[in-house]
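A structural walkthrough
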Amino acid sequence: EIALLQQRFSMQLFIGAQPLCSTSLLAAAINDLLAIYPQTQVRIIEGSYHYLLNELQNGRIDMMFGALKRPDTVENVCEIPLFQEPYCVAARMDHPLMSKRVVTLKDIAACDWVLSGPSTQRRRTFELMFKNSPVRPTTQIEATSVSAQIAFLASSNRLALLTPLELEFDPHMGKIGKLDYDTGITRIPDGLTVRHEWK
């Protein structure tokens, strides 16, 4: 506080970012922070949830951004929920299904999909959607990052599960949209995970 009053404030902030977190939202928040504290140095470390949780517990990062899924056995970190969103079926704006007023499970099952990794909630949501479907979609591509999934959507007739926020901050803004299909499944909350008593 004394350094801040003397305009000598400087700080390093280490943020862990999970693979499927909204990096655009994270970037917007960091830009706002740097506008207030321009001397701050921000380091973003990407990795799996369990890798970043270990880094957080050992003090090598200050906070983790992404899905909140603290194991019951972990007691030295706390979660701060920020938002929760439904999954939607995304496609490029000129996809043949975009012009359909009512999109059915049969329609989306006839398309090729871009999937996230097998242990992700997004993948489990996909499996749940087609659990009782007589036809299972083809799935030629698996990509861990949202930006990679969006790039495949923008350049093909494939589909993927995204959230409204991911579409809003899409670098291909205007090229990707959501189909008129309700998945009925909401993503677990996103937010910050920090150490207890962290300042």
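Preceding block: the structure.
Residues numbered from 1 in each chain as written. Predicted model: local features only at pLDDT ≥ 70, side-chain atom pairs only at ≥ 80, totals over all residues. Heavy atoms only, no water.

Summing up its helical and strand segments, the protein chain has 7 helices and 10 strands in all. Across its three principal directions, the C-alpha atoms of the protein chain cover 65 × 40 × 25 Å. Taking all 199 residues of the protein chain together, 43% fall into the buried category. Counted over contacts in the protein chain with a minimum sequence separation of 6, partners at least 24 positions apart contribute 75%. When the accessible surface of the protein chain is split by element, carbon and sulfur atoms take 53% of a total near 11,300 Å². Separation between the mean location of the 20 positive side-chain charges and that of the 21 negative ones in the protein chain comes to 4 Å. (Helix = DSSP H or I, 4+ residues; strand = E, 2+ residues; numbered from the N terminus. Buried < 20%, exposed > 50% of the residue type's maximum accessible area, 1.4 Å probe, protein only. Contact = heavy atoms within 4.5 Å. Areas by Shrake-Rupley, 256 points an atom, 1.4 Å probe, with all protein chains shown as cover. Lys, Arg positive; Asp, Glu negative; His and termini not counted. Charge placed at Lys NZ, Arg CZ, Asp CG, Glu CD.)

Looking now at the packing of aromatic side chains. In this description, a pair of aromatic rings is defined by centroid distance and the angle of the planes. Evaluation of the coordinates by the stated rule reveals 3 aromatic pairs. Ring plane angle 80° and centroid distance 5.6 Å describe the contact between Trp-113 and Phe-130, whose orientation is recorded as edge-to-face. Taken as a pair, Trp-113 in strand β6 (residues 112–115) and Phe-130 in the loop between α5 (121–129) and β7 (138–142) lie far apart in primary sequence, 17 residues in all. For Trp-113, a relative accessible area of 0% gives the class buried. Looking at Phe-130, the relative accessible area reads 3%, which means it is buried. These aromatic residues form a ring-pair network of at least three members: Trp-113, Phe-126 and Phe-130. (Phe/Tyr/Trp six-rings, centres within 6.5 Å; stacked < 30°, edge-to-face > 60°.)

Turning next to the sheet that holds strand β9 (residues 176–186). On the basis of which strands lie adjacent, the open sheet formed by 3 strands has the order β8-β5-β9 and antiparallel pairing. This sheet does not close on itself; its edge strands, each paired only once, are β8 (160–162) and β9. Strand after strand, the sheet turns through a mean of 40° between neighbouring axes, direction not considered. Pairing analysis gives 5 bridges linking strand β5 (residues 86–92) to β9, with the strands arranged antiparallel. From the neighbouring strand, Arg-92 faces β9, where its bridge partner is Ile-176. Set on the sheet, α5 makes contact with β5, β8 and β9; between it and β9 the angle comes to about 80°. (Pairing = 2+ DSSP bridges. Axes fitted to C-alpha atoms, helices over the stretch in contact; angles between N-to-C directions.)

Turning next to the pattern of salt bridges. Scanning the model with the defined rule gives 9 salt bridges in all. Arg-92 is the partner of Asp-94 in a salt bridge, and the nearest nitrogen-oxygen pair spans 2.4 Å. On the accessibility criterion, Arg-92 (18% relative accessible area) is buried. Salt-bridge contacts for Arg-122 lead to Glu-166; the nearest nitrogen and oxygen are separated by 2.8 Å. Placement of Arg-122 in helix α5 and of Glu-166 in helix α7 (residues 164–168) is noted, with a sequence separation of 44 residues between them. One salt-bridge network, held together by shared partners, links Arg-123, Glu-127, Arg-136 and Glu-142. (Salt bridge = Lys/Arg side-chain N within 4 Å of Asp/Glu carboxyl O.)

Bringing the pairing of strand β2 (residues 40–46) into the picture now. Where strand β1 (residues 11–17) and β2 come together, 7 bridges link them in parallel fashion. Within the sheet, the bridge partner assigned to Ile-15 lies in β2 and is Ile-44. Running through helix α2 (residues 23–36), the crossover from β1 to the neighbouring parallel element β2 is right-handed. (Right-handed = clockwise from strand over helix to strand, strands pointing away.)

For Ser-156, the location among the structural elements is in the loop between α6 (146–154) and β8. Within polar-contact distance, the side chain of Ser-156 engages the backbone nitrogen of Arg-158 at 3.2 Å. (Polar contact = N/O pair within 3.5 Å; in protein donor to acceptor, adjacent residues only side chain to side chain.)

Now for the nonpolar core. Nonpolar side chains tend to gather and get buried jointly when the protein is soluble and globular. Judged by nonpolar contacts, the single largest core of 18 residues is most densely connected at Val-89, Ile-108, Trp-113, Met-129, Leu-159 and Leu-179. At the level of secondary structure, the elements contributing two or more residues to this core comprise β5, α4 (105–109), β6, α5 and β9. Among the nonpolar cores identified, the runner-up in size contains 13 residues, and Leu-20, Ala-90, Val-146 and Ile-176 belong to it. (Core = buried A, V, L, I, M, F, W, Y, C linked by side-chain atoms within 4.5 Å.)

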